[in-house]
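The residues making up each chain are set out below.
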Amino acid sequence: MNGNDKNPVTVIGLGAMGSALARALVAAGHPTTVWNRTPGKAPEGANETATAAEAVAASPLTVLCVLDYPVAQDVAKWADWAGRTLVNLTNGTPQQADAMADWAAERGADYLDGGIMAVPPGIGTPHAMLLYSGSRTAFDQAEPVLSTFGAANYVGAEPGRAAMFDLALLTGMYGMFAGFVQAAAFVRKQATATELTELLVPWLAAMSGLLPDLARRVDSGDHTTDVDSPLGMQAAAFPNLAAACRANGVSPELLAPLAALVDRAVAAGHANTELSSLVDLL
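Since we're looking at a predicted model, the values are computed, not measured.

### A short note on the sheet that holds strand E6 (residues 110-117)
Next up, step 1: Here we have eight strands laid out as an open sheet, ordered E3-E2-E1-E4-E5-E6-E7-E8, and mixed in their pairing. In this open sheet, the two edge strands, each paired with only one partner strand, are strand E3 (47-48) and strand E8 (151-154).
Next up, step 2: Taken strand by strand, helix H3 (residues 69-76) contacts strand E1 (9-12), strand E2 (32-35), strand E4 (61-64), strand E5 (85-88) and E6, and its axis lies near 140° from that of E6.

### So, the packing of helix H9 (residues 231-247) against helix H10 (residues 256-267)
The angle between the axes and the distance between the axes are what describe a pair of packed helices.
Next up, step 1: Two elements in contact, H9 and H10, have axes separated by 9 Å at closest approach and are oriented at 140°. By the angle class used here, H9 and H10 are oblique. The chirality of how H9 crosses H10 is left-handed. Between H9 and H10, the contacting residues are Leu231, Gly232, Ala235 and Phe238 on the first element and Leu258, Ala259, Val262, Asp263, Ala265 and Val266 on the second.
Next up, step 2: A per-class count over the contact of H9 with H10 returns eight nonpolar, one polar and one charged.

### A look at the packing of aromatic side chains
Next up, step 1: Overall, the coordinates contain two aromatic pairs when judged by the stated rule.
Next up, step 2: For the ring pair tyrosine 132 and phenylalanine 139, a centre distance of 5.9 Å and an interplane angle of 45° mean the geometry is tilted. Here the two residues tyrosine 132 and phenylalanine 139 agree in accessibility, since each one is buried.
Next up, step 3: Taking 5.2 Å as the distance between ring centres and 35° as the angle between the ring planes, the aromatic pair formed by phenylalanine 139 and tyrosine 154 counts as tilted. Highlighted residues: phenylalanine 139 in helix H5 (residues 136-146) and tyrosine 154 in strand E8, separated in sequence by 15 residues.

### As for unusual backbone geometry
Next up, step 1: Phi at aspartate 226 takes a positive value of approximately 50°, unusual for a residue other than glycine.
Next up, step 2: With respect to the element layout, aspartate 226 can be found in the loop between helix H8 (211-220) and H9.
Next up, step 3: When its relative accessible area of 63% is taken as the criterion, aspartate 226 is described as exposed.

Analysis parameters
- Once a new chain begins, its residue numbering starts again from 1 and follows that chain's sequence as written.
- It should be noted that, the model being predicted, local features are given only for residues of pLDDT at least 70 and side-chain atom pairs only at 80 or more, the latter also being counted only at that level, while totals for whole chains, interfaces and linings use all residues.
- Values reported for side chains reflect all heavy atoms of the structure, with hydrogen atoms and water molecules removed beforehand.
- Two strands are counted as paired when DSSP detects at least two bridges linking them.
- Counting from the N terminus, the helices are the DSSP runs of H or I reaching at least four residues and the strands are the DSSP runs of E reaching at least two.
- Any two residues whose heavy atoms approach within 4.5 Å are treated as being in contact.
- An axis is simply a line fitted to the C-alpha atoms; with a helix, the fit covers only the stretch in contact. Between two such axes, the angle follows the N-to-C directions and lies from 0 to 180 degrees.
- Working definition: roughly parallel below 35 degrees, roughly antiparallel above 145 degrees, roughly perpendicular at 65 to 115 degrees, and oblique for all remaining angles.
- When the near helix sits turned anticlockwise from the far one by under a right angle, the crossing is termed left-handed; a clockwise turn instead gives a right-handed crossing.
- Here the nonpolar group is Ala, Val, Leu, Ile, Met, Phe, Trp, Tyr, Cys and Pro; Asp, Glu, Lys and Arg are the charged ones; every other residue, Gly included, is treated as polar.
- Classification of ring pairs uses Phe, Tyr and Trp, with its six-membered ring standing for Trp, and accepts pairs whose centres are within 6.5 Å; under 30 degrees between planes counts as stacked, over 60 as edge-to-face, and the remaining range as tilted.
- Under the scheme applied here, a residue whose accessible area is under 20% of the maximum for its type counts as buried, over 50% as exposed, and between as partly exposed, the area being computed with a 1.4 Å probe on protein chains only.

Spatial relationships are all this shows, so hold off on functional conclusions.
Given below as structure tokens:
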């Protein structure tokens, strides 16, 4: 690729996400070739081929977005990848990404693995963020195309790093959602979830400001300097949270694992440490 944002691009896989990727490319003016196991799903303006091999041959850059890595390899094995770039946006593990990178290298392809931090309607909007790892050269050449999908973030040369950060960000997201679900269940008899959210959103935004300090503590290993909310104090609050839930007829099961971890830390002599010390226990 030469940096021209009108270069041809191929998309393999036309599920909800793959279709969104293809539509974004068409809207940006890229000659877009697509292939899907079930034919007839090509978005308007895209050229649908009969085989995956034909689709790969049509463009120097192919974006692969299918159900999982076994499907990705099963689909990709039929094509000639020599001298081409494969951007794999299939969700998987870092280990799967590393293996796929080796597979691509054996076939003469430049390889980027990616993580999509967006839902399909967000693709092509400022709200989408995508993570990429692998060949830096391939990323630099493909970035004008990849930026069509959303903010393109290169996170390192090791192929599995994008998948690692993808899963880590999802872990943080699900932790937030778990907190919301537990809190909404707790207040449900006395307040609406909408009322809760009006208070919860700014509170979580304020609490997120503590994360950089916790991150510095994790990286440095210093969990004892200038501690404002020691684990011992937080451990004392968890029984109240659980008791209040039960009094409202609500299971505290989403809180229970964190409470158990905090109790384990206190029992191990970490009562005066910051929350960041829990990372070491995990």
